[in-house]
Amino acid sequence: MKIIETIAEMKAARLKLKGSVGFVPTMGYLHEGHLSLVRKAGEENKSVVVSIYVNPTQFAPTEDLSKYPRDLNRDLSMLEKEGTDIVFFPSDKEIYPQGYDTWVTVDKLTKPLEGSSRPTHFRGVTTIVNKLFNIVRPDNTYFGQKDAQQALVIKKMAKDLDMNLKVVVCPTVREPDGLAMSSRNVYLTPEQRKGAPVLYKSLMLAKDLFSHGERNAAVILGQMTTLIKKEPLANIDYISIADTETLEELRTIEKSALVSMAIKFGKTRLIDNLILG
Ligand code: AMP
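This is a predicted model, so every value here is computed, not measured. (Residues numbered from 1 in each chain as written. Predicted model: local features only at pLDDT ≥ 70, side-chain atom pairs only at ≥ 80, totals over all residues. Heavy atoms only, no water.)

## A word on the sheet that holds strand β1 (residues 2–4)
Strand order across the open sheet formed by 6 strands is β1-β4-β3-β2-β5-β6, with parallel pairing between neighbours. Every other strand in the sheet has two partners, leaving β1 and β6 (166–170) as the edge strands with one partner each. On average, each strand axis in the sheet is inclined to that of its neighbour by 25°, with strand direction left out of account. As paired strands, strand β3 (residues 47–52) and strand β4 (residues 86–88) are joined by 3 bridges and run parallel to one another. Pairing of serine 51 across the sheet is with phenylalanine 88, part of β4. Running over the sheet, helix α2 (residues 32–44) touches β2 (21–26), β3, β5 (140–144) and β6 and is turned about 155° from β5. (Pairing = 2+ DSSP bridges. Helix = DSSP H or I, 4+ residues; strand = E, 2+ residues; numbered from the N terminus. Axes fitted to C-alpha atoms, helices over the stretch in contact; angles between N-to-C directions. Contact = heavy atoms within 4.5 Å.)

This is the structure:
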């Protein structure tokens, strides 16, 4: 496994790779969710490139950039075991040199949900992912359904900008009690961790109501809210039932819907989602 820290070396190494390249961008502190993407990339490609970069431009000044968990050695040994070919681990200076001034934005799709709580987040995501795509030039790239809006935004960017790659979205990997795996779960106190499966429980409630014929979004959201409010440490940032492609809020679910939420436990903000139908 090669570990590469500069853009020039990454581009040179890319030129030597024969056959299809699968790429998994991450912010490190890896868990089974990340590894599921790495495995999928391995199944579908000749070579696998994983990036580890905590991208400062997708964090607002009030967010957890400096505290974001990091453990490079652990990440590298996990990736080595998965047979990763190249780990790209650039510095901030390498990615955003002095005078850096170019941004990529997806407009409408980034406004609701995560965008309404984190208005500068997606501009950072699309810019770094675009840069990483230009550096790594993957054939296939792998994202998690856990970040449903991010996956849609990246797909839209790739389509609108005619990128020569396929965006593959992989299912959310969960802890045995249903909590979606996330690098941020380590922030939770033991008490908060006990309450955190309420996100998944509320999604299961939505699924159950939907499978019994409920199609009124307000009714489903109302019952989910009641359930979440029973968990004293949980504070709702948003809960939404939206169109799976445009992310516009739905009143009535016709065929399918994205149920998504952000819930805060103290300062830790957890997100989760499920597609109905
Ligand atoms: P991050 O390191 O949080 O930026 O995540 C890197 C990639 O892993 C993104 O495409 C995420 O959607 C994906 N990911 C994170 N958590 C999970 C999970 N629990 N299941 C599946 N994919 C995940």
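Don't stop here, the text continues.
## Looking at the side chain of aspartate 75
As for its placement among the helices and strands, aspartate 75 is situated in helix α3 (residues 72–81). In this structure aspartate 75 is buried but unpaired, with arginine 74 as the nearest side chain of opposite charge at 4.1 Å. Of the polar contacts made by the side chain of aspartate 75, one reaches the backbone nitrogen of tyrosine 29; its length is 2.8 Å. (Buried < 20%, exposed > 50% of the residue type's maximum accessible area, 1.4 Å probe, protein only. Lys, Arg positive; Asp, Glu negative; His and termini not counted. Salt bridge = Lys/Arg side-chain N within 4 Å of Asp/Glu carboxyl O. Polar contact = N/O pair within 3.5 Å; in protein donor to acceptor, adjacent residues only side chain to side chain.)

## Description of the pattern of salt bridges
Oppositely charged side chains may form a pair once their charged atoms are brought near each other. Under the counting rule described, the total for this entry stands at 13 salt bridges. Aspartate 107 is paired through a salt bridge with lysine 111; the nearest N and O atoms lie 2.7 Å apart. Taken as a pair, aspartate 107 and lysine 111 share a single burial class, namely exposed. Among the salt bridges present, the one from aspartate 272 reaches arginine 174, with a minimum N-O distance of 2.8 Å. With aspartate 272 in strand β9 (residues 268–276) and arginine 174 in the loop between β6 and α8 (190–195), this pair connects stretches of sequence that are 98 residues apart. Arginine 174 gets classed as partly exposed once you look at its relative accessible area, which sits at 23%. Where salt bridges share partners, they join Glu32, Arg39 and Glu82 into one cluster.

## Thoughts on the site of the ligand
Around the ligand, the surrounding shell holds 17 residues, and the nearest of these are Met27, His34, Asp147, Val173 and Met181. Contact between the ligand and histidine 34: an oxygen atom at 2.8 Å from a side-chain N or O atom of the residue. Within the contact set of the ligand, an oxygen atom lies 3.0 Å away from a backbone nitrogen or oxygen of glycine 144. Relative to its unbound accessible area of 480 Å², the ligand is 92% covered by the protein chains. Every element with two or more residues in the shell around the ligand is listed here: β2, α2 and β5. The element that contributes the greatest number of residues to the shell around the ligand is α2, accounting for 3 residues. Residues of the shell around the ligand, tallied by class, amount to 8 nonpolar, 7 polar and 2 charged. (Near = heavy atom within 4 Å. Areas by Shrake-Rupley, 256 points an atom, 1.4 Å probe, with all protein chains shown as cover. Nonpolar A, V, L, I, M, F, W, Y, C, P; charged D, E, K, R; others polar.)

## Topic: helix α9 (residues 198–211)
End to end, α9 covers 20 Å across 14 residues, agreeing with the expected 20 Å (1.5 Å per residue, within 8%). The complete set of buried residues in α9 reads Val198, Leu199, Ser202, Leu203, Ala206, Leu209 and Phe210. Along the long axis of α9, the arc covered by the buried residues comes to 145°, so they all point the same way. Buried-residue contacts for α9 involve α8, α10 (217–229), β7 (234–242), β8 (257–265) and β9. (Expected span 1.5 Å × (residues − 1). Arc of directions from axis to C-beta.)

## Topic: the side chain of asparagine 273
One can find asparagine 273 in strand β9. For asparagine 273, a relative accessible area of 4% corresponds to the buried category. At 2.9 Å, the side chain of asparagine 273 and the backbone oxygen of glutamine 145 are in polar contact. In terms of polar contacts, asparagine 273 uses its side chain to reach the backbone carbonyl oxygen of lysine 146, at 3.1 Å.

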